[in-house]
Amino acid sequence: MVLKVFFPSCCSSADSGILIGRWISEQSSAVILAVVHFPFIPVQVKQYLGEVQRVTQVSVSVLGSWSNSKQEKEESLSEFLEDLGTIFCHEPWIQISKEGDSKFWSCSTLQKHSKNPQEEEIILVYYDQRKVMLSHLHPPLDTAGRRAEDASKLSAIFDTVARSQVLFMTDRYDEGPIKLTHWQSDGVEASIIVELMKQASVPACMLLTLLLSLLSGVCRSRVLKFWPLSFLWSKLSTCEQLGHRLQHLQVISSNKKAQNQNQLMRKANIFVSLLIDVALGILLMSWLYRKNRIGHLADTLIPVADHVAEELQDLLQWLMGAPAGLKMNRALDQVLGRFFLYHIHLWISYIHLLSPFIEMILWYVGLSACLGLTVALCILSDIIALLTFHIYCFYVYGARLYCLKIYGLSSLWRLFRGKKWNVLRQRVDSCSYDLDQLFIGTLLFTILLFLLPTTALYYLVFTLLRLLVVIVQGLIHLLVDLIDSLPLYSLILRLCRSYRLAAGVKFRVLEQQDGKPLRLLMQINPLSYGGVVQTYRLPTYNCYPRDSWASLCKKLFLGELIYPWKHKGEKQN
């Protein structure tokens, strides 16, 4: 039989004493949790272990003895350690002792109460108790009262260490009758600043929860459901991002305790993402308000808008001539060109009408950066949408006219073949037409066919301009989604404390000699950076097109409209 002994490396320098831990009979494994130093009273040790077992529901007992040869100079102490097996009565009785100047220890077993003692092959596994405790490879703590379903798995070892957390609360500064050595024996890991922040976070979270409940109540009120406000709330990226951040704040300020590790990491990632977002926003705001940069930006905005309008006028003049040597329908070309030129004239008048107020608008918009960099980027996206509204109008006009001609030609083409579209059954059925209908259909088909190149050229030009604006907005929203969904806290843990995000364990052979126990070192395998992002990535809203290339090309060919946003509530998994 192979006996596996898991020994914490933090107990290597402990004084001589007894080993306490859990014996897992299903897999013949002993998990050492701590070392009890001399002197001690056996009755008090049994009472203490009974209290620990009652609280943790872990069968903690005395498994053997620990002897540090550098501190022992009397043979009577080693005999006394062997006699402790008759007091605590555990089979097998494990004896671990230091081998002189060696960095390893010898391990043996005694079976005094067995009639047929058998020689056992011993595997001594060293493990870092702190990393195992914080690696979260064990089952959730809410299943502490249940027994592990499959005790042969290595998770039983991690479960034993995790559920014995009460045992690690005592340190060398406690004035109790029992002195222990474990991973926190030099002092329980704590910080006065952290404890004060925990105490102060309770009223702060209560106040924040009250304010958020009032704010969410206002957002759900019927006032925002009327047409102008509901339309703006569903179309503006800023409103979408504010609603997203409101949900994040509700998750952070919730009094409900996290049920598992994923929920805890999600809260931590949201909190860190929110802090970094606000910090970047404040830095941006401080940069904008230095050296009158907002005034310079307002002075630059009007000339840029005029330059864009002039370029559009030159483009329309080019289309009204013979673009690329193409023969256009002159009458339709002149009508469309003058129509779009008039819109550009209206747009320039609108911009110059707002020019005295642009600096003041930008000054107040800059204050919104204190809500976070993502809010400022969403406002930038909305400003781009407003400044390019004339391009959007050109695209809509061209797309609707092109779509009307495409569907008209397809309908008239079915007329030539003696077919028609059945609206009720949503299919193409046969139909007989008289001579007048065929004659009128031929005339309309000819007119639409010869006017299609002119319309298609305007549609193509304005679609390319619209796609350029959508790509710029898509890049902005991609940056917003990156800040919102990137698990920054998990990445920081992976960089600084990789064992907190463990993917498994690996064993390294330390020493293997005949007649001696096999010595292994158990190490934590951390998650890769890609696995961290994939596991703990936060859901975000889609604010830009995510169609495939095939569906996008189909929309462009049929003249369907392309929007840079989606409806509120669609989440990215």
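Within any chain, residue numbers begin from 1 and follow the written order of that chain's sequence. Where totals are concerned, whole chains, interfaces and linings use all residues; where local detail is concerned, this predicted model gives features only for residues with pLDDT of at least 70, and gives and counts side-chain atom pairs only at 80 or more. Side-chain descriptors were evaluated using all non-hydrogen atoms of the structure, hydrogens and water having been removed beforehand.

An unreviewed UniProt entry lists the protein chain under the name PIGQ acetylglucosaminyltransferase, with Oriolus oriolus as the source organism.

### Observations regarding the overall build of the protein chain
Heads up, the rule is: Only DSSP runs of H or I with at least four residues qualify as helices, and only runs of E with at least two residues qualify as strands; both kinds are numbered from the N terminus onward. Burial classes follow relative accessibility: with a 1.4 Å probe on protein chains only, a residue under 20% of its type's maximum area counts as buried, one over 50% as exposed, and anything between as partly exposed. The criterion used for residue contact is that any of the two residues' heavy atoms lie within 4.5 Å.
Looking only at helices and strands, one finds 17 helices and 14 strands in the protein chain. Out of the 573 residues belonging to the protein chain, those deemed buried represent 41%. Across the protein chain, every contact between residues at least 6 apart in sequence was considered, and the portion connecting residues at least 24 apart equals 71%.

### What to know about helix H12 (residues 373–387)
Stated formally: Between the first and last residue of a helix there are one fewer steps than residues, each counted as 1.5 Å, and that sum is the expected span.
Its 15 residues give H12 an end-to-end C-alpha distance of 21 Å, which sits within 8% of 21 Å, the value for a rise of 1.5 Å per residue. Restricting attention to buried positions, one finds in H12 the residues Leu 373, Thr 374, Val 375, Ala 376, Leu 377, Cys 378, Ile 379, Ser 381, Asp 382 and Ile 384. Check the buried side of H12 and you find it contacts helix H7 (237–252), helix H8 (261–288), helix H11 (358–367) and helix H14 (435–485).

### Observations concerning the UniProt feature "transmembrane region" (unreviewed entry) in the protein chain
So the rule is basically this: UniProt positions are given in the numbering used here, feature names are shortened, and annotations may be inferred rather than shown by experiment.
Taken from the UniProt record, the annotation "transmembrane region" (unreviewed entry) applies to residues 200–219, 270–289, 335–354, 361–388, 394–416, 437–461 and 467–492. Between the end C-alpha atoms of residues 361–388 there is a gap of 17 Å, over a span that is 79% helix and 0% strand.

### Topic: the pairing of strand E7 (residues 121–127)
Applied cut-off: Pairs of strands are assigned from DSSP output, requiring at least two bridges between the strands.
For E7, a buried count of six out of seven residues is recorded, marking the element as mostly surrounded by other parts of the structure. Summarising the sheet, strand E1 (residues 2–8) and E7 pair through seven bridges and their orientation is parallel. Bridging from a neighbouring strand, Pro 8 pairs with Tyr 127 of E7. Examined bridge by bridge, E7 and strand E12 (residues 518–526) share five bridges and lie parallel to one another.

### Comments concerning the pattern of salt bridges
What counts here: Salt bridge, as applied in this entry: a Lys or Arg side-chain nitrogen positioned within 4 Å of an Asp or Glu carboxyl oxygen.
Inspection of every chain in the model, using the stated rule, returns three salt bridges. Between Arg 245 and Asp 277 there is a salt bridge, and its shortest N-O distance comes to 2.9 Å. Taken together, the residues span a long stretch of sequence, with Arg 245 in helix H7 and Asp 277 in helix H8 at a distance of 32 residues. Taken as a pair, Arg 245 and Asp 277 share a single burial class, namely buried. Between Asp 429 and Arg 427 there is a salt bridge whose closest N-O contact spans 2.9 Å.

### Focus on the packing of helix H10 (residues 330–354) against H14
Stated precisely, the cut-off is as follows: Angles shown run from 0 to 180 degrees and are taken between the N-to-C directions of axes, each axis being a line fitted to C-alpha atoms and, for helices, limited to the stretch in contact. Reported orientations rely on four angle classes, namely roughly parallel under 35 degrees, roughly antiparallel over 145, roughly perpendicular from 65 to 115, and oblique for the rest. The crossing is said to be left-handed when, going from far helix to near helix, the turn is anticlockwise and less than a right angle, and right-handed when the turn is clockwise. Classification convention: Asp, Glu, Lys, Arg as charged; Ala, Val, Leu, Ile, Met, Phe, Trp, Tyr, Cys, Pro as nonpolar; all other residues, Gly among them, as polar.
Orientation of H10 relative to H14, taken along the N-to-C sense of each, is 25°, at an axis distance of 10 Å. When the axes of H10 and H14 are compared, the pair comes out roughly parallel. Handedness of the crossing formed by H10 with H14: right-handed. Only Leu 451, Thr 454, Thr 455, Tyr 458 and Phe 462 of H14 make contact with H10, whose side of the interface consists of Leu 332, Asp 333, Leu 336, Gly 337 and Phe 340. Of the residues belonging to the contact of H10 with H14, the class tally is six nonpolar, three polar and one charged.

### A word on unusual backbone geometry
The phi dihedral of Lys 291 is positive, around 55°, even though this residue is not glycine. The topology assignment puts Lys 291 in the loop between H8 and helix H9 (293–319). Under the relative-accessibility criterion, Lys 291 is labelled exposed at 70%. A positive phi is found at Asn 292, a non-glycine position, where the angle reads about 55°. Inspection of the secondary structure assignment puts Asn 292 in the loop between H8 and H9.

### Some thoughts on the side chain of Asp 484
Definition in use: The definition of a polar contact used here is a pair of N or O atoms within 3.5 Å, where within protein one atom must be able to donate a hydrogen and the other to accept one, and adjacent residues in sequence count solely through side-chain atom pairs.
In this fold, Asp 484 is placed in helix H14. Taking the relative accessible area as the measure of exposure, Asp 484 reaches 0% and is therefore buried. Within the structure, the side chain of Asp 484 is placed 3.0 Å from the side chain of Gln 241, a separation counted as a polar contact. Engagement of the side chain of Asp 484 in a polar contact is seen with the side chain of Arg 245, the distance being 2.7 Å.

### Examining the nonpolar core
Counted only if it meets this: Take the buried residues of types Ala, Val, Leu, Ile, Met, Phe, Trp, Tyr and Cys, join any two whose side-chain atoms come within 4.5 Å, and each joined set is a nonpolar core.
Ranked by internal contacts, the top residues of the largest apolar core, which has 37 residues, are Val 45 and Leu 167. Listed by contribution, the elements that provide at least two residues to this core are strand E2 (17–24), strand E3 (29–37), helix H1 (42–56), strand E4 (60–67), E7, helix H3 (129–134), helix H4 (155–163) and E12. Contacts of Leu 167, omitting those with residues within four sequence positions, involve Ile 20, Leu 33, Ala 34, Tyr 48, Val 52, Leu 180 and His 182.

### Regarding the pairing of E4
Summarising burial for E4: seven of the eight residues are buried, a large majority. In the sheet, E4 pairs with strand E5 (residues 93–98) via four bridges, with the strands oriented parallel. Pairing of Gly 64 across the sheet is with Ile 94, part of E5.

### Looking at a nonpolar patch on the surface
As a reminder, the rule being used: The patch calculation keeps residues exceeding 30% relative accessible area without a salt bridge and links them within 9 Å when they carry like charges or within 5 Å when they are nonpolar (Val, Leu, Ile, Met, Phe, Trp, Tyr). With residues, only the protein chains shown are counted as cover, and all accessible areas are computed by Shrake-Rupley using a 1.4 Å probe.
A cluster of nonpolar residues, Phe 357, Met 360, Ile 361, Trp 363, Tyr 364 and Leu 367, forms a patch on the protein surface that exposes about 610 Å² of accessible area. Topologically, Met 360 is positioned in helix H11. On the basis of relative accessible area, Met 360 is assigned to the partly exposed category, the value being 46%.

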